[in-house]
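Notes for the structure review
What follows is the residue order along each chain.
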Amino acid sequence: MRSAANDLKRDDASAEQDLGLPPGAFADLTSGRRPVDWDLIGKAAAVWPLNERDLLPIHDDCPDGVRVHRLADSVASGRTINRGGSPYYEYRDTAMSRVASYRPEWISMLRVVEDSDPDNPAVEWNRGHLLYQFTYFVGPVNYYYRWEGVSHCVEMNTGDSVWGLPFAPHSFTSRSATEPAYILALTYGGDLLGDAQRELSVLGPRKARALALPAEQAALLRSFAEARLLSTEELARRAKLPAPYVAQLCAGEAAATGDETAALADALGVAVRELLPTRIGTEAGVHLAYRAESRSWELPEQGRAAYRVTQLAGDPAHPHTTALEVDVLPAADASAGWLSTYQHQYAYVLGEEPVELHWEHRGERRRERLEPGDSAYVLPGTRIAFAALTADPNTAGDADGAAARVLLLRVGGATTTDVRFALATIPGDGIERYLDEDRLWFKSDAAQPGAAHPDAAQPGTAHPDAQESDATDLESAREH
Ligand code: FE
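Quick summary incoming for the structure in this document. (Residues numbered from 1 in each chain as written. Predicted model: local features only at pLDDT ≥ 70, side-chain atom pairs only at ≥ 80, totals over all residues. Heavy atoms only, no water.)

**Focus on the coordination of the iron ion**
For the iron ion, the full set of protein donor atoms is His129 (NE2), Gln133 (OE1) and His170 (NE2), at a range of 2.0 to 2.2 Å. For the iron ion, all donor residues lie on one chain, and their spacing in sequence is H-x3-Q-x36-H. In this pair, Gln133 sits in strand S5 (residues 132-138) while His170 sits in strand S9 (residues 170-174), placing the two residues 37 residues apart along the sequence. Overall, the relative accessible area of 9% leaves Gln133 in the buried class. (Donors = N, O, S within 2.8 Å, 3.2 Å for Na, K, Ca; no water. Helix = DSSP H or I, 4+ residues; strand = E, 2+ residues; numbered from the N terminus. Buried < 20%, exposed > 50% of the residue type's maximum accessible area, 1.4 Å probe, protein only.)

**Quick look at helix H4 (residues 38-47)**
Within the span of H4, buried status applies to Leu40, Ile41, Ala44 and Ala45. In a view along the axis of H4, the buried residues occupy a sector of 135°, so they form one face of it. Of the exposed residues in H4, the ones pointing more than 90 degrees away from its buried face are Trp38, Asp39 and Ala46. Buried residues along H4 sit against helix H2 (12-19) and helix H3 (25-31). (Arc of directions from axis to C-beta. Contact = heavy atoms within 4.5 Å.)

**Remarks on the sheet that holds strand S7 (residues 150-156)**
Taken in spatial order, the three strands make up an open sheet running S7-S6-S9, and their pairing is antiparallel. Looking along the sheet, the strands with just one partner apiece sit at the ends: S7 and S9. Taken over all neighbouring pairs, the strand axes of this sheet differ in orientation by 20° on average, direction set aside. As paired strands, strand S6 (residues 141-147) and S7 are joined by seven bridges and run antiparallel to one another. Residue Val141 lies in a different strand from S7, and its bridge partner there is Met156. (Pairing = 2+ DSSP bridges. Axes fitted to C-alpha atoms, helices over the stretch in contact; angles between N-to-C directions.)

**Digging into the pairing of strand S15 (residues 344-350)**
Counting buried residues in S15 gives seven out of seven residues, a clear majority hidden from the surface. The two faces of S15 match: His344, Tyr346, Tyr348 and Leu350 on one face and Gln345, Ala347 and Val349 on the other face are all buried. Pairing of S15 with strand S20 (residues 404-411), which is carried by seven bridges, proceeds in the antiparallel orientation. Pairing of His344 across the sheet is with Val411, part of S20.

Here's what the structure looks like:
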């Protein structure tokens with residue numbers, strides 16, 4: 001409420017007037033002394049140019065930094081879903097959080113086929129879905145995918161994986177009536193969900209189509225030139241390049257060198273990265289990764305490694321998504337292998353062996369034993385480590401020498417690279433205020449005692465991480 005009122009340049013008195021509140025009520029609301037109820041949110045959304053959701057915080061369902069999801073809870077969530085009138089999949093939930101947009105399901109293939117024909121009538125195709133999908137295969141699973149009207153089928157086995165684009169129809173079946181055949185289907189929306197989707201739904205499909213950027217520099221040049229009302233001649237003059245050549249670059253008829261791209265970025269007043277198109281590595285909408293061809297390496301380093309890591313399917317178009325198989329080596333102890341990332345993180349214990357998950361959150365170290373089929377969600381920035389539970393390195397381990405195997409999927413959240421750059425530009429205690437605005441944007445006079453710091457005397461309202469900060473009161477320096 002405080003942050004929204006500040007953005008709209010309302011002090012307590014003017015906010016109270018807009019919202020029909022008695023004097024002093026706004027300070028009670030922003031200090032937590034008086035609850036913000038639905039009526040008030042509705043009133044604010046009616047009189048101020050904002051949406052109800054702008055005033056609603058998200059639920060923190062991960063106060064310990066990690067949410068563990070047990071196999072028994074997964075089994076209890078099981079739903080068998082029919083396709084074409086008979087059972088096709090059993091779905092089970094695994095670890096997810098309200099903080100992150102990914103939706104990881106364990107899915108067992110109940111339809112058994114005898115061939116790998118994409119046109120087999122026993123295969124029930126879906127209509128595709130919005131979410132991107134990373135899939136990890138266990139057992140003899142057939143994967144079907146359709147792109148631009150062409151149907152494909154590939155035979156997948158344990159350790160194979162695939163990354164796929166939204167809205168491509170797909171299906172899965174089993175090639176064996178006796179062996180287990182299942183997948184871990186980790187779907188996520190990335191930047192497509194949330195604010196972008198809501199904004200585009202207001203603009204409508206025509207404008208959304210016009211906003212679609214092909215992965216070419218020419219499209220970026222045209223978009224920035226248009227935004228800046230720059231003619232081709234003016235852009236060429238600023239970049240010190242011949243105008244006909246710049247026209248060719250903008251039309252996609254020529255390719256700029258690195259130096260020319262830098263000159264054009266300078267001319268447009270943007271960072272060079274804004275003129276570099278994304279790279280999409282999918283073929284027929286998917287990126288297949290077969291385990292036998294996948295790259296593996298040891299971590300922290302060869303010779304005294306805690307883990308052997310194998311790269312799974314992904315795509316350059318999603319640089320903030322990482323899928324890995326992590327073999328926890330028998331000698332591994334947690335101190336050797338701390339892992340940290342800016343991404344949301346999902347872990348699923350593959351195979352037959354348990355593993356110990358260690359983590360650090362808000363200065364506290366914790367650990368939890370994870371059994372096969374257990375999974376965990378880890379908040380961004382939470383250090384984790386896996387430790388082998390088998391004591392003797394000589395007797396422990398599978399044929400590959402691993403004591404346990406964990407599937408890791410890491411996905412970027414709403415804190416994009418641009419947001420992270422912006423965080424670095426916020427001075428002083430600005431980050432605390434960005435997360436949890438606690439004061440008026442200017443120092444009010446004595447007629448409003450305490451209004452500048454309505455929460456200052458309220459214990460328990462500070463962000464739980466506040467004690468880790470070295471915040472100082474720079475308010476007077478930041479008045480404007
Ligand atoms: Fe799917």
